[in-house]
Every structure is written in C-alpha cells, then in structure tokens.
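These are the residues of each chain, in order.
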Amino acid sequence: MFTLANKQQQIGGALGAALLWLGSGIANPLHADNPSRCAVDDRGREVCLHASANRIATLSPGATELTYAAGAGDQVVAVVSYSDYPPEAQDVASVGSHTRIDLEALVGLAPDLVIGWVTGNPAEQMETLEALGMPVFYIEPRSVEDVAHTIERLARLAGTEPVGRQAANAFREGMAALTARYSDRDPVPTFYQVWDEPLMGVSDKHLIGQVVQLCGGENVFGEQHRLVPRLDDEAVLAANPETIIAGGMGEENRDWLTHWEQYPNLAAVEAGNLYFVPPSLIQRPTPRLLEGARLLCEKLEQTRQKRGAS
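Residues numbered from 1 in each chain as written. Predicted model: local features only at pLDDT ≥ 70, side-chain atom pairs only at ≥ 80, totals over all residues. Heavy atoms only, no water.

Enquirer: Help me understand the pattern of salt bridges in this model?
Expert: Where charged atoms from two side chains of opposite charge approach closely, those side chains can pair. Scanning the entire structure with this criterion turns up 15 salt bridges. In this structure, the salt-bridge partner of R45 is D41, at a minimum N-O distance of 2.5 Å. Accessibility expressed as a relative area gives 14% for R45, which makes it buried. In this structure, the salt-bridge partner of R304 is E301, at a minimum N-O distance of 2.8 Å. Of the two residues, R304 and E301 both sit in helix α13 (residues 289–309), three residues apart, roughly one turn of that helix. A residue is classified by how much of its surface remains accessible, and R304, at 11% relative accessible area, is buried. Several salt bridges share partner residues, and in doing so they unite D41, R43, R45 and E130 into one network. (Salt bridge = Lys/Arg side-chain N within 4 Å of Asp/Glu carboxyl O. Buried < 20%, exposed > 50% of the residue type's maximum accessible area, 1.4 Å probe, protein only. Helix = DSSP H or I, 4+ residues; strand = E, 2+ residues; numbered from the N terminus.)

Enquirer: What is the right way to read the packing of aromatic side chains from this model?
Expert: Ring pairs (aromatic) are described by centroid distance and by the angle formed between their planes. What the rule picks out here adds up to four aromatic pairs. Look at F191 and W260: their rings are 6.1 Å apart centre to centre, the planes differ by 90°, and that puts the pair in the edge-to-face class. Within this pair, whereas F191 is found in strand β7 (residues 188–193), its partner W260 is found in the loop between α10 (255–258) and α11 (267–270), the two being separated by 69 residues in sequence. Judged by relative accessible area, which is 0%, W260 ranks as buried. Between the aromatic rings of W195 and W256, the centroid separation amounts to 5.5 Å while the plane-to-plane angle is 75°, which identifies the pairing as edge-to-face. (Phe/Tyr/Trp six-rings, centres within 6.5 Å; stacked < 30°, edge-to-face > 60°.)

Enquirer: Mind showing me how you'd approach the environment of L49 here?
Expert: By secondary structure assignment, the location of L49 is in strand β2 (residues 46–49). A C-alpha to C-alpha distance of 7.8 Å links L49 and P135, two positions 86 residues apart in sequence.

Enquirer: Please clarify how the sheet that holds strand β8 (residues 217–219) should be interpreted in this entry.
Expert: Within a sheet, neighbouring strands are paired by backbone hydrogen bonds and run either parallel or antiparallel to one another. Taken in spatial order, the four strands make up an open sheet running β8-β7-β9-β10, and their pairing is parallel. Looking at the sheet topology across the chains shown, the edges are occupied by β8 and β10 (274–276). Each strand of the sheet is rotated relative to its neighbour by a mean of 35°, with strand direction disregarded. In this sheet, strand β9 (residues 243–246) lies alongside β7 in parallel orientation, the contact comprising four bridges. Residue pairing for β9: Q193 is matched across the bridge by A246. (Pairing = 2+ DSSP bridges. Axes fitted to C-alpha atoms, helices over the stretch in contact; angles between N-to-C directions.)

Enquirer: What should I look at first to understand the pairing of strand β6 (residues 136–139) in this one?
Expert: If a strand is regular, its side chains alternate between the two faces of the sheet. Burial of the side chains of β6 extends over both faces: V136 and Y138 are buried on one face and F137 and I139 on the other. One ladder, built from four bridges, connects strand β5 (residues 113–117) with β6; its direction is parallel. Across the sheet, the residue bridging to V114 is V136, located in β6. Assessed by its sense of winding, the connection that carries the chain from β5 through helix α5 (residues 123–131) to β6 is right-handed. (Right-handed = clockwise from strand over helix to strand, strands pointing away.)

Enquirer: I tried to follow unusual backbone geometry on my own but got confused; where do I start?
Expert: One can expect most non-glycine residues to show negative phi and most peptide bonds to be in trans. Here the amide bond leading from Y85 into P86 is cis, since omega sits at -5°, within 30 degrees of zero. As for its placement among the helices and strands, P86 is situated in the loop between β4 (76–78) and α4 (103–108). In this structure, P198 follows E197 across a cis peptide bond, with omega equal to 0°. Looking at the secondary structure, you find P198 in the loop between β7 and α8 (207–214). Positive phi, normally seen in glycine, also occurs at Y82, with a value near 70°. Mapped onto the elements, Y82 comes out in the loop between β4 and α4. The exposed category is assigned to Y82, whose relative accessible area is 66%. Despite not being glycine, N240 shows a phi value in the positive range, around 50°. The residue N240 is located in the loop between α9 (233–239) and β9 in this model.

Okay, here's the thing in structure tokens:
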C-alpha cells in the first residue's frame, strides 16, 4: 500500500520532510466539500478548489502560455524550462524541466494549483504531488476548440473568467476566419516536418495536421495512425509533397529544410516550396497558434500562386 512514508524513503530526507509537512495541511481537492470553483481536466477528473488559485505552477511551456492567456499570469509562481512566452514568464522561478521536475523547489513555492501535462510530465513525480493532495489540473489540447476551452477552464480555476473568455473567443474567431478563407481553396499536398532525427511528421488527428487542413492543405501523411509518425526520406520522396513546411531547432533555424535540397526532383524542391514557420507559433497548443496558422496558410497560398505563374 502506498503511504507518504514510503514516498519519503524514495525521494529522500529533505524533500520527503517537506512533502510530509505540506501534505499534513492540504485537503483532497477532488470533489471538495462546498467547492467554489470546479473544472474537468483532460484526464476526465473534476478538480475543485475552495477559492481562486493564487499560486499557480505550470509544468510545461504551453501550460505557462495558456495560464497567462487566461489572465492569471500574476498568479504564476513556478514554471519549467523553455517557458519563454510571454517574456515576463522568464522572470518566474523555474522548477526544472517538463520531463524532470525539481519537486523540492516546487513544494517550497507552495502552489495552490499545479497545471500538469498529460503525456509530458513524469508520471511518478505527478503521482507524488497528487498523493499529497496537491491540486493538479492536467491539460493536453488536441484541437482548436480544446485550446479555447482550456483557456476558459484555467480562468475558471484562477478566478479570471472575463479575461479568459475574451481570449478564448478571440482565438475561436480568428481560427474560424482562417477556415472560412482558406479551407475550400485548391488542395496543396503538404508535408509538415515536426522533427529531424528521427524524421517525424504529423497525422490529421494532430493539432498541426488540423491546421494544415483548415489552410486547404492535404497532409500527405494524414492517414497515419500515430499522431506523430516516424518516417524516412524514402517515404517523403514517395509521397512527393508539393510543399514542405518545417519548424526546426530554434525560432530562426531553417536547417531542416536544407536537407531536402539534395533531392532536386522532389516536387517541393523543384517548385521552391520549402517553408519555415517558427516552432513556438505552431508546435505549442496556445493562442499563438493563430499566428502560426496564419503563416502556414500564407505559405500554402504562395504555393497556389506559383502554380498560376508557371
């Protein structure tokens, strides 16, 4: 049977003592008596707080952006590495990375709400936080509507509903406008490269794949069963996309695209349709996805215009 004493032995004396101290004063946040604020997270758990969260820890860069978008930036007391947007988030205390959390530092900051990442945070560490009764709200937006709804749920827990509602609706309206403008345009066979080694794309079920579709793109690997399928050069050559779009390592690093220039007969190379979109704008499920989607739609429109000029 799991006990806090067991966990103390696993984690170590100093951290275990801090956890035991913290655990002694926290009630179970799930289904709390007479709760004032509740929301269902992306693991299907109803998380209830007795009052608005005033000290929030965000355990992924995306969670940080979404919490700020919800109007709760002033309540964020802990982030993880690469939480670089908005800029003021860089001044918040860091508690490690999303894959390795410094639990002692996190506990020391005494958050009253932790925003976790369903598939990105280490399960054992998250279980430790939950075992203490620390309120953990898991998120993993996988659609345009999920992004907007996540902002609204975080605003509910933080007591910033008016700001969150405005941000969510602005995102919805912006994405709807792009859909109306581009989704019925002539399709563009597209490969979105999400990683280089190993080479990876996205399926139509992935949020980026959905953006490709709303821009009128035809994802050449859209039917893959995995959200992020592993590929090789031969698979891309066989699919022969008319356009290749990549993020890359860094906000201005186009190196992944130069790799494809060794294949002059590849349709995207022959037509000069190798495009870069800054990864933070397209690979994080946050309101900035709207800006990334606009750029991606513009790249596909450039491909269409080149057809007419040829």
